[in-house]
Each structure stands twice: as structure tokens, then as C-alpha cells.
Amino acid sequence: MAITGPSCDEDGSVRISRRGFLRASAAFSLSLATVGAGALLRECGQLTDDAPPFPVEGVPAGRASSLIDYASLDPRNPVNFASPLNLPRREGGLFGILDASSTPIDLVARRHEVELVPGRRIDAFVYQVESNGKTYLNPVLRANKGSLLSVRLVNSIGEETIVHWHGLHVDWRNDGHPIYAIRDDQSYSYSFTLQNPGAAYWYHPHPHPLTGRQTYLGLAGFVLVEDEETLDLGRQLDLELGVTDIPLAIQDKRFDDRGNLTYLSGPQEQFSGFLGDVVVVNMAINPALDVSTRLYRFRILNDSNARTYRLAFARGSEGMPFYLIGTDGGLLARPQQVREVFLSPAERVDVLLDMSALDEGDTVFLKSLAFDPMHGEMADMGEMQPEDEAGGMDDAQQDQTMGGMGQSRLREGEEFYLLRLAVRTRVAYDKAIPETLAGFVSIDTRSAGVRPFTLSSSTMQWLINGQRFEIDRTLFKVERNSTEVWEVTNDIVSMPHPMHLHGFQFQVLGRRNSPRQTQVLAIDEEMRLPTDLGRKDTVLVWPGETVRIAVDFSAAFPGDQTYLFHCHNLEHEDMGMMVNYQLI
Ligand code: C2O
Ligand code: CU
Ligand code: CU
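This structure is a prediction, so every number in the text was calculated from the model and none was measured. (Residues numbered from 1 in each chain as written. Chains lettered and ligands numbered in written order. Predicted model: local features only at pLDDT ≥ 70, side-chain atom pairs only at ≥ 80, totals over all residues. Heavy atoms only, no water.)

Draft legend 1. Spatial organisation of the overall build of the chain. Tallying secondary structure elements over the chain gives 11 helices and 37 strands in all. With 584 residues in all, the chain has 62% of them scored as buried. Long-range contacts, defined here as pairs at least 24 residues apart, represent 80% of the contacts in the chain between residues at least 6 apart. Of the roughly 22000 Å² that the chain leaves accessible, carbon and sulfur atoms contribute 47%. (Helix = DSSP H or I, 4+ residues; strand = E, 2+ residues; numbered from the N terminus. Buried < 20%, exposed > 50% of the residue type's maximum accessible area, 1.4 Å probe, protein only. Contact = heavy atoms within 4.5 Å. Areas by Shrake-Rupley, 256 points an atom, 1.4 Å probe, with all protein chains shown as cover.)

Draft legend 2. Representation of the sheet that holds strand 19 (residues 295-302) in the model. Across the sheet, 7 strands lie side by side as 17-16-15-19-25-22-23; this open sheet has mixed pairing. Each edge of the open sheet carries a strand with a single partner, namely strand 17 (284-285) and strand 23 (330-338). Pairing geometry for strand 22 (residues 322-327) and strand 25 (residues 348-354), over 3 bridges, is antiparallel. In the sheet register, Gly 326 faces strand 25, and the bridge partner there is Asp 350. Each of strand 19, strand 22 and strand 23 touches helix 5 (residues 228-236); the most contacted strand, strand 23, lies at about 45° to it. (Pairing = 2+ DSSP bridges. Axes fitted to C-alpha atoms, helices over the stretch in contact; angles between N-to-C directions.)

Draft legend 3. Region of the structure containing the coordination of the copper ion (ligand 3). Ligation of the copper ion (ligand 3) by protein atoms is provided by His 497 (ND1), Cys 567 (SG) and His 572 (ND1), these donors lying 2.0 to 2.1 Å from the ion. Written as a sequence motif, the donor arrangement for the copper ion (ligand 3) is H-x69-C-x4-H. One end of the pair, His 497, is in strand 32 (residues 497-501); the other, His 572, is in helix 11 (residues 570-575), with 75 residues separating them in the sequence. The same class applies to His 497 as to His 572, namely buried. (Donors = N, O, S within 2.8 Å, 3.2 Å for Na, K, Ca; no water.)

Draft legend 4. A look at the coordination of the copper ion (ligand 2). Bound to the copper ion (ligand 2) on the protein side are His 164 (NE2) and His 500 (NE2), at distances that span 1.8 Å. In this pair, His 164 sits in strand 11 (residues 163-166) while His 500 sits in strand 32, placing the two residues 336 residues apart along the sequence. Classification of His 164 by relative accessible area gives buried; the value is 1%.

Draft legend 5. Region of the structure containing the pattern of salt bridges. Scanning the model with the defined rule gives 33 salt bridges in all. One salt bridge in this structure joins Asp 238 and Arg 294, with 3.5 Å as the shortest N-O distance. Taken together, the positions of Asp 238 in the loop between helix 5 and strand 15 (245-253) and Arg 294 in the loop between strand 18 (287-292) and strand 19 put the pair 56 residues apart, joining distant regions of the chain. Of the residues examined, Asp 238 reaches a relative accessible area of 41% and is grouped as partly exposed. Glu 415 is the partner of Lys 367 in a salt bridge, and the nearest nitrogen-oxygen pair spans 2.7 Å. Placement of the pair is Lys 367 in strand 26 (residues 363-368) and Glu 415 in the loop between helix 9 (395-400) and strand 27 (416-425), with a sequence separation of 48 residues. Residue Glu 415 is classed as partly exposed on the basis of its relative accessible area of 38%. (Salt bridge = Lys/Arg side-chain N within 4 Å of Asp/Glu carboxyl O.)

Draft legend 6. Broad picture of the packing of aromatic side chains. All chains considered together, the criterion is met by 33 aromatic pairs. Where Phe 313 meets Phe 322, the ring centres are 5.1 Å apart and the plane angle is 80°; that geometry is what we call edge-to-face. Residue Phe 313 shares its accessibility class with Phe 322, and that shared class is buried. Ring geometry for Phe 476 versus Tyr 581: centroids 5.7 Å apart, planes at 10°, classification stacked. Of this pair, Phe 476 sits in strand 30 (residues 474-478) while Tyr 581 is found in strand 37 (residues 578-583), placing the two residues 105 residues apart along the sequence. A connected cluster of aromatic rings, assembled from ring pairs, spans Tyr 127, Trp 165, Trp 172, Tyr 180, Tyr 188, Tyr 190, Phe 192 and Tyr 203. In this structure, Lys 253 is placed above the aromatic ring of Tyr 216, and the distance from its NZ or CZ to the ring centre is 4.8 Å. In this structure, Arg 294 is placed above the aromatic ring of Tyr 296, and the distance from its NZ or CZ to the ring centre is 6.0 Å. (Phe/Tyr/Trp six-rings, centres within 6.5 Å; stacked < 30°, edge-to-face > 60°. Lys NZ or Arg CZ within 6 Å of the ring centre and 35° of its normal.)

Coordinates in, geometry out; function isn't part of it.
Here it is in C-alpha cells:
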């Protein structure tokens, strides 16, 4: 069956006209079962066929004979949480801790087989480093502030890519702007000084418009920067990286019946952003970790393509308070006791959980609480539904598109679990959380100009100030060493957009017209959330909301710099919800 609506751009993106979408949407839902998800995207080079077909001995394809038992992977069922959590280790391996300040690193982006579902080896991507006879996959790059990072990216994934150092203040040649994307077999050298405060930053691909797909297939890792204050905190609380100080990277994935990763099913899903129905923490499905009765630090990164989490710790049905001590770009001035935090794509939170009052045998879950996803655009897209042109889609047809091939079985805003913490050993622990964590200087905005941004949509496009990304077009200029206030307003009929700034961290000044579910979490008159108190590079802007941020554009890099401001819903980004700005 031919899909006639969308076509491929030369750049490999799926181009859809409005009318094309109407037809395509119907064609997609009706043809998925026969054509297979991703056929169109494959045509457009967004999915590859190189992965050898899975050996399926004597099992005919089709839903009834699925090799994947979704019930056993469903994150809504706490019983499913049993696989060991992958922890960063000095010995290397997955998330191995690599001291990045001492030696130049060859970071090879390559194809790699992973076994996410037991017994199913599938094709994915990974960053690999060989160092001192050890192999690291998606290594945790650990370095002290002020040290030099020298990384050579080697591209072996068979398509263009580039690495972006998310959250780090670097010049644009080191920033991984998509204009610097390299082809297969080429390499790109990065060299920069780590100027950022101690915090968990991360690295991921940034070729346009392939960021979503490559990140989804596995390319992402942490950069852990330490400084005086974070090292001090580690000593005071007796924390050890990989043991009691644990980086957690949360992603959601989706499998087809044969256990292969599936990505976008079509334009409609790209428009809202990809949602998986299996939750993967540190590359393990539904993990569990044995803990002892003491305090733990979790540095949580949401490296999902589009899913937002409302994180909380719970013991049975009871929520457990925890301490927010840091955000995207460093420690807070003081710990904030909280019971939940929203974490949108690309955001990080640094939290402390005290389990010293628990008993052996107790279980604590890190979970995502239910929330209103505010994906209002779907309701408003009634006119976009294919009814009139294709006779509509009945429930049965809609059902056919669910699951591995169509949409996610796990809706945005549903409640589910992420990680089981099983208290196994009793230890004596008497360290107290310090009252002050870091010197935190607020950005002085008295002489700052205000720059307004609007986030909106039109004909299956997401727009920033009415514009769609063009790689060589700069939307505005910012004077170096100036301070600006950016006022980002999201349309009322929209969906939440996690807006991310390259080049600089910012501070949230305030929120207006926030939805109820975040208003109730506000801690001051500016309606800021606890997570707004720290240095940020990504901030979630809810439909109808205006978020004001302050940016100090001090930079010592010589020459003009081109940076990005974009939505970190990676499908939105790849669709062009991104702008260039120039620092002059
Ligand atoms: Cu983490 Cu431009 O992105
Ligand atoms: Cu970034
Ligand atoms: Cu968005």
C-alpha cells in the first residue's frame, strides 16, 4: 500500500503538507498492520534496515504471536521491578566512570547490540571509549571544574552525527551545533575548559533533524563536573559515586512484536513527541537496587525524547519527603525539602533521599505520579482528524495502531514506577545535610532588556516567534556580556515545551498563568517552583504559561558565536522548533 501524503526532504526529514497530513494520518492507521511501523520513516532515512532481521523460528509475525510479553515489562506493575540497576563503575562497562580530565578521549559513536528485554539482542547505538585496556559504553565523563576536556568524536553509525555538550558553557565550535555534523567515518575534535560549576551535565547527538532518533537509539551519557562545593558535600555526607551517589538516566522505549526498538509511527506522533511504554533507567527495564539504611544522592537526568516525569519517592502508598539540592547547572544555595518534582526532557535534578529510618526489608519506589499532560493540541486538532477524507477510524482500527506499532500504551501523565529500592542492610549513619550548599549569585537584571518569545503551532509545525528552524538563519543577535530577560509565552492551545538554551545557564525569575498542578507547588510570589531556584539550561513552559528567565551572556570566547534555543521535546526540535541566535 502506498502512502501518498508525506514526502521526504533531501535532508531526510518527513515533509508533510496540511492536506498531506490529513491523508497520511488515515493511511498510516489503516496500513500499519501490513506495512509495518516506520516504513515511511525508513524511506526517508530516519530508520535504517541494516539491523539484521530478528531470527523468528517458526513464529509468524503478528500481534497474537508477539515475542514480547508487555505485561512483564509494564512499569505500572511494581512486581515487574527486578532487573539489576546498572551502576557507574571504575572498571568500565556501561556507564563506566572515566576520568576525563587527564587524557584525550576517543569517543566512538557506533552500532551496538543491547539486550534490554532478556534474551532479545537488538540493534542500538552507543558511545564507546577504550582507555587503559578497559571498554566504556556511554561513559560517565568525570572531571573537575577548570580542567581541559579533549574529546575526538569518531562517527561509525553510518549516518551523520555530532555531539553536543548539554549545559556546558563552551564556544560554538565545541558546542555541537548541527552545522558541524560529520559524516560516517569522519571525526570531530573538541577541546575546551570546563568552566561550569559542579553538576551533572550530559552529552548527546545533535545533527538536524536526527537528534531524536539517535538519542532514542542509545547515544547519551553524563558529564559529571565536580568543584570545591560538590566535593565538599560528597565528603560531608560520605558519598561514593556509583554506590551512594547514583546517576540515573531515565528514558522510555517501545518495542515491536519481535523486540526491536521502534521509533516514530508517523507524523501525528512526531507532532506530539515520541512516547515509549517501557521505562528504562540506566539502560535497564524496571530496575531494582539494594540499599542500606543511610542517605543516598541521586542525580536524575530525563533523557527521554518527549516524556515528562512527576518524580516522587514512595513507601507503599505514602510519599517520602526528599531534598532537592541541585538543578541543571549546579547546587542550590540551600537544600529544599520537597515531595515531588516535575522533570521534563533534558532537565536534571540532584536529590538526597534519607533512608536511615527505614528497616531491612522495606521497599521504596521512585515513581512518576499522575498528572494532566495538557496535550491540548490533540483535542483542538479535531479538524485534523481524517474522518471526512478517509471515512474515519473506528475504535478497532485505532486499537490496531496501539502498542509497539502505533502509539504508546503508557500515556503521558499516567502513574507508574521507575526504580525499586530494596533496603537490605542496616548501617549506622549520622551525617546531616548541610544548611548551605553553595554560594549562589542571583543575576542582576536591573539594566536588562526584555526579549519576548512565543511558542505556537500551525499546520503540524511547532514555532518559536512564528519561525521554523533553518540551519543557516540567525533569528536575533545578543550582545556579549549583556544581561537579558527572556519572556517565554506558550500558547494556551499547545502542549508543554521544555525550552533549552545553548551556551549559557539561566535563572528563572517567575511564572505567570501556570496550570493548577504547578501553582500548588510554587514556593514564592513569583510562582517559582523549587526547581526554579537553581541554575537551569532547560525549563518547562506549560500551555498558557509565561516563564521569565534571566541570562547573563558573559563569554570570553573570541569572535561571534552561534548558539541554539530550542524545545527539547526531541521530535519538536527535529521538526524545527529551534532557532539560532548569535552572540556578538
Ligand atoms: Cu540537549 Cu540542543 O540540546
Ligand atoms: Cu544543549
Ligand atoms: Cu515542544
